[in-house]
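Listed below, chain by chain, are the residues.
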Amino acid sequence: MLSLPVLRWGKPYDSLEKDTVLHFNTGEAMAEVHQANAGLLQRDMKKASQAREALRQFTCADLIDKLKQAADLYVNETLPMGDGTQSPDEFVRMQSASTGLPEHMCRFNMTKNHFVLQNMDKMLDALTRGLDLDILSRGYGVESRGVVVSYQAQSSALGLVLPSNSPGVHTLWLPVIPMQVGLVLKPGPQEPWTPYRMTAAFMQAGVPAEAISIYPGGGDIGAAVLGSVDRALIFGGTPTVERYKGNPRVQAHGPGFSKFILADDVVDDWEQYLDIIADSIYLNSGRGCINCSGVWASRHTKEIAQALAERLGPIEPLPPEDENAGLAAFTAVINDRNMGSLVWDMIAEDLKEDGVTHCTEPYGPRLVEKERCAYLRPTIVHCTSPEQAIAKKEYMYPFSTVVECPQDKMLEKIGPTLVCSAITNDEKLARALTDATHIDRLNIGPIPTIKLDWLQPHEGNIVDFLFRARAYQITEDKLAALKS
Amino acid sequence: MDSGLQTAVDAAKDALNAHTLEMVHWHFSPETGCPFWLQKAGELNFNPLTDIKSYDDLRKFPPFEDEWLRGGPVRRWVPKAYEKSPIYVFETGGTTGIPKSRVVIDDFRIDYELFSKTLPDEFFPPGGNWLMLGPSGPRRLRLAVEHLAQFRGGISFCIDLDPRWVIKLIKKGWMEHLEEYKKHCMDQAVTILTAGHDIKCMFATPKLLEGLAMRLEDEGTSIADCGITGIFSGGTEFTPQWTRFAMEELLDERVYMTPTYGNTLMGLACSKPVTAEDGYKISYYAPQPRAVAEVVNPDEPDEIVEYGGTGRVRLTTLTKELFVPGFLERDEGEREMPFATYPWDGVSGVRPFAQLAGGTTVGVY
């Protein structure tokens, strides 16, 4: 069994409290993870400026090169993991075994992280809109159009309260190191693997160890990260997002409520779009915030729901090592009950409402309970009105409602939407969607909600979050020196 | 268990049995007992005066319900023998609704005088002044620490801290207010420590101790540099990891700290000396025979778990001022072996009882 210590600005620390990461199928203990206490983290954060100082010993370009090296190490090499080592295959097996995600999806997530690291220069160019990265290091500089600009780092480190159930989110913090900002990671209890492995790859590639801290622990550690790091990201449910709304120090990433809108001008041809809608609901086991959880149209909604149910309803859970496995297991247990079972209770309650039809019901029970985990099979629900409670729900598996709603009411009724794929040629509707502030990423046309353009920012630009643009004036001679 | 320790354990058990008999007679005799127990005696299916012959016989009593302590008249708890004495009332809980009350005449003084004997003079110098960094208001702790300081020849300085407001802030999610209130408490503590009062000893809850150490570190000093040599800490949960962190990093191994476990009903349980060699394990021992702490099967509270086994903490208070047989605490822990200093069972790893933990706001000050 591996033993993963707390990492305090690169220095391993063995705690007296440990949590065990178990294999969801066999119950085998895979790792003991040392647990930090909040005071320890808070005390370390007094030294956060040293992380940025250590990174500033290198140029941003140097750090980008190191991350490119780290990309290959992360994907291909056996790396240190606590008191042992971990090969890429072991990483995939362990991540799958603790999160419930099928192994091929874990492997795909590795590829995704590799792609982001390998393309870090392009990624940062897109995120900074072409800014010379030395300006981030120096704090000021001259833009290509000859104007002095200043970007001031708002924190020496970025804190992250990471989830257990979605290894895909790690791409969000990868650009932080090359911007010379340290990392304070609180891993999800079931997914310590990526933070530790990525850190090992970074260090082996020459990123200074004192730039990264990892504090596994409970809810008090999450609160301590948010309370003692000047800029932090947290992943959670709607209550988490609501709690941190308006707090400039915290960026809360919650459910996506991503949707398809089939506009009146195309909805009669709905069958043409069934493949991309089904893929958007199902791929990556429906776990992502960019997976579709609602299909909205003014007519044909029953037929659409039935067709999606026919497509997705028969899908069964398969062993995690099966290349065809499409469903992730629910491995978390709350008060002696598996999360999957608790989720199904909530859905079953909502299904009782008038006008709500469970379209996947004919394909057998959705809840599949195993000895140590549970699965939820794809679930499609038809709603005759956007007012029905289930119409605005999202769950961490292939779940979607198909909601009947007049087009002129859709924007008012859809609620916050991370990704909206609107299939329409109606310019007036497209304009209204473009102006809608409750839609984050907008796709106009038959584009899957899960298709990301890596050169466009995800929800909340990390550069804008970490740096503040401000006025900065220097004398002519200094300006000339800067330009030379 | 060696024979010397076994002899001590047997003697402690005999003393507990004798003390139990004395206390039951005190509380169930009309000349000395309180109205509550005299009335309760009529509802029991046994006669406490004739049927209780040992500590183990207390199992005949139904489990003590702490709800009985809510509301008035509190004089129903005053033993007749003390009806003309000055009475204190101490409260516990009470953020919303009616708090639980306990009447006291001298128990807090007796408990803390006994506790005083466990404090090493080297670190808690007689005559040294104290800082009480804990809850104020209708709490036993504030007066008890003040008495401890006075009993040891010192003077106790206190801060204002309303834990009920702290709980409300947490429940409302007003975390910024919570931080400000914490700062307000730290301001008071730092003012006392830097005003030339020559403070040597301190009571602090773990969270306030941590807050004070960090605040002083920001100001370029430390608890040790402020002249504190001994701390007794308690009031909220202690973990070995936190204790190690406190000793190594907050106190820089320069200040003596002893964890305690207690509440308004029982008094104060001392800890076996905490050492790095023992993994900073914290084992508490109740002040027998005045109070007994047992680790019991949560589903069968009369069944004591094996040594090392986990169970719910059950407290029994046996003083002339209060009789509480078998009160199931909101904590759980592991049963510990007797040792020479405390030849009776202890409890280690005390933490909120898992089956109740979700519904309780703990560790608030």
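Up top is the structure these notes are about.
Reading the values: the criteria
- Residues numbered from 1 in each chain as written.
- Chains lettered and ligands numbered in written order.
- Predicted model: local features only at pLDDT ≥ 70, side-chain atom pairs only at ≥ 80, totals over all residues.
- Heavy atoms only, no water.
- Core = buried A, V, L, I, M, F, W, Y, C linked by side-chain atoms within 4.5 Å.
- Buried < 20%, exposed > 50% of the residue type's maximum accessible area, 1.4 Å probe, protein only.
- Helix = DSSP H or I, 4+ residues; strand = E, 2+ residues; numbered from the N terminus.
- Contact = heavy atoms within 4.5 Å.
- Arc of directions from axis to C-beta.
- Pairing = 2+ DSSP bridges.
- Axes fitted to C-alpha atoms, helices over the stretch in contact; angles between N-to-C directions.
- Patch = residues over 30% accessible without salt bridge, like charges linked within 9 Å, V, L, I, M, F, W, Y side chains within 5 Å.
- Areas by Shrake-Rupley, 256 points an atom, 1.4 Å probe, with all protein chains shown as cover.
- Salt bridge = Lys/Arg side-chain N within 4 Å of Asp/Glu carboxyl O.
- Lys, Arg positive; Asp, Glu negative; His and termini not counted.
- Charge placed at Lys NZ, Arg CZ, Asp CG, Glu CD.
- Buried area = accessible area lost by both parts, 1.4 Å probe.
- Polar contact = N/O pair within 3.5 Å; in protein donor to acceptor, adjacent residues only side chain to side chain.

Let us now look at the nonpolar core. Membership of the largest hydrophobic core comes to 76 residues, with the highest contact counts inside it found for Met202, Leu212 and Ile223 of chain B. Ranked by residues supplied to this core, first place goes to helix 7 (residues 175–193) of chain B with eight residues. Beyond its immediate stretch of four places on either side in the chain, Leu212 of chain B contacts Leu133, Met186, Ala189, Val190, Leu193, Met202 and Ile223 of chain B. Counting 70 residues, the second largest nonpolar core, distinct from the first, contains Leu63, Phe91, Ile135 and Leu162 of chain A.

Another aspect to go through is helix 6 (residues 120–127) of chain A. Residues and elements named next belong to chain A. Burial in helix 6 covers these residues: Met120, Met123, Leu124 and Leu127. Burial along helix 6 is one-sided: seen end-on, the buried residues are contained in an arc of 95 degrees. Those residues of helix 6 that are buried lie in contact with helix 3 (60–76), helix 5 (103–118) and helix 16 (462–466). Positive phi shows up at Arg129, right after helix 6, with a value of about 55 degrees.

Let us now look at the sheet that holds strand 4 (residues 156–158) of chain B. All names here are of chain B. Across the sheet, 12 strands lie side by side as 4-3-5-6-7-8-9-14-13-12-10-11; this open sheet has mixed pairing. Each edge of the open sheet is held by one strand with a lone partner, namely strand 4 and strand 11 (300–304). If you compare each strand with its neighbour and ignore which way they point, the axes differ by 40 degrees on average. The pairing of strand 7 (residues 256–263) with strand 8 (residues 267–271) spans four bridges and is classified as antiparallel. Residue pairing across strands places Gly262 opposite Leu268, the latter belonging to strand 8. Relative to the sheet, helix 1 (residues 3–27) contacts strand 10 (291–297), strand 12 (310–318) and strand 13 (323–336), its axis offset from that of strand 12 by approximately 55 degrees. Seen against the sheet, helix 4 (residues 107–116) touches strand 6 (230–233), strand 7 and strand 8 and runs at an angle of roughly 15 degrees to strand 8.

Attention now moves to a negative patch on the surface. Residue and element names in this part refer to chain B. Residues Asp299, Glu300, Glu303 and Glu306 make up a contiguous surface patch of negative charge. Assignment of secondary structure puts Glu303 in strand 11. With a relative accessible area of 42%, Glu303 lands in the partly exposed category.

All names here are of chain A. When strand 1 (residues 2–4) meets strand 5 (residues 29–34), the two strands line up parallel, connected through three bridges. Among the inter-strand pairings, Ser3 is bridged to a residue of strand 5, identified as Glu32. Bridging between strand 4 (residues 18–22) and strand 5 involves five bridges; their strand directions are antiparallel. If you follow Thr20 over to strand 5, its bridge partner there is Glu32. Taking the residues that link successive antiparallel strands as the turn, the strand 4-strand 5 hairpin has six residues, and the phi of Gly27 there is positive, at about 80 degrees.

Moving on, we come to a nonpolar patch on the surface. The grouping of Met1, Tyr307 and Met337 of chain B at the surface amounts to a nonpolar patch, some 280 Å² of accessible area in total. When you line up the elements, Tyr307 of chain B lands in the loop between strand 11 and strand 12.

Attention now moves to unusual backbone geometry. Residues Gly72 of chain B and Pro73 of chain B are joined by a peptide bond in cis, for which omega reads -5 degrees. Relative to the helices and strands, Pro73 of chain B is located in the loop between helix 3 (48–51) and strand 1 (88–92). Omega for the peptide link from Gln288 of chain B to Pro289 of chain B comes to 5 degrees, which places this bond in the cis form. By secondary structure assignment, the location of Pro289 of chain B is in the loop between strand 9 (283–285) and strand 10. With phi around 65 degrees, Gln180 of chain A is a residue other than glycine that occupies positive phi space. By relative accessible area, Gln180 of chain A is classed as buried at 1%. In this structure, Glu253 of chain B takes a positive phi of about 55 degrees despite not being glycine. Relative to the helices and strands, Glu253 of chain B resides in the loop between helix 9 (240–250) and strand 7.

The next thing to look at is the interface of chain B and chain A. Taken together, the contact pairs 16 residues of chain B with 15 residues of chain A. Roughly 1300 Å² of surface becomes buried between chain B and chain A when both sides are summed, with 45% attributable to carbon and sulfur atoms. The largest per-residue losses of area from chain B upon contact with chain A belong to Gln241, Arg244 and Glu249 of chain B, which jointly make up 43% of the total buried on that side. At the boundary of chain B with chain A, the tally comes to four salt bridges. With a shortest N-O distance of 3.0 Å, Glu249 of chain B and Arg43 of chain A are connected by a salt bridge. In this structure, the connection of chain B to chain A is made through 11 residue pairs in polar contact (both at pLDDT 80 or more). At the level of secondary structure, the elements contributing two or more residues to the side of chain B that touches chain A comprise helix 8 (206–218) and helix 9 of chain B. For the side of chain B that touches chain A, the leading source of residues is helix 9 of chain B, giving eight residues.

Here we come to the pattern of salt bridges. Residues and elements named next belong to chain B. Under the criterion given, the structure shown has 50 salt bridges over all chains. Lys13 is the salt-bridge partner of Asp56, the closest N and O atoms lying 3.4 Å from each other. Placement of the pair is Asp56 in the loop between helix 3 and strand 1 and Lys13 in helix 1, with a sequence separation of 43 residues. By relative accessible area, which is 33% here, Lys13 ends up partly exposed. For Arg152, the salt bridge is made with Asp121, and the minimal N-O distance between the two is 2.9 Å. Of this pair, Arg152 sits in the loop between helix 5 (140–151) and strand 4 while Asp121 sits in the loop between helix 4 and strand 3 (129–133), and the two are 31 residues apart along the sequence.

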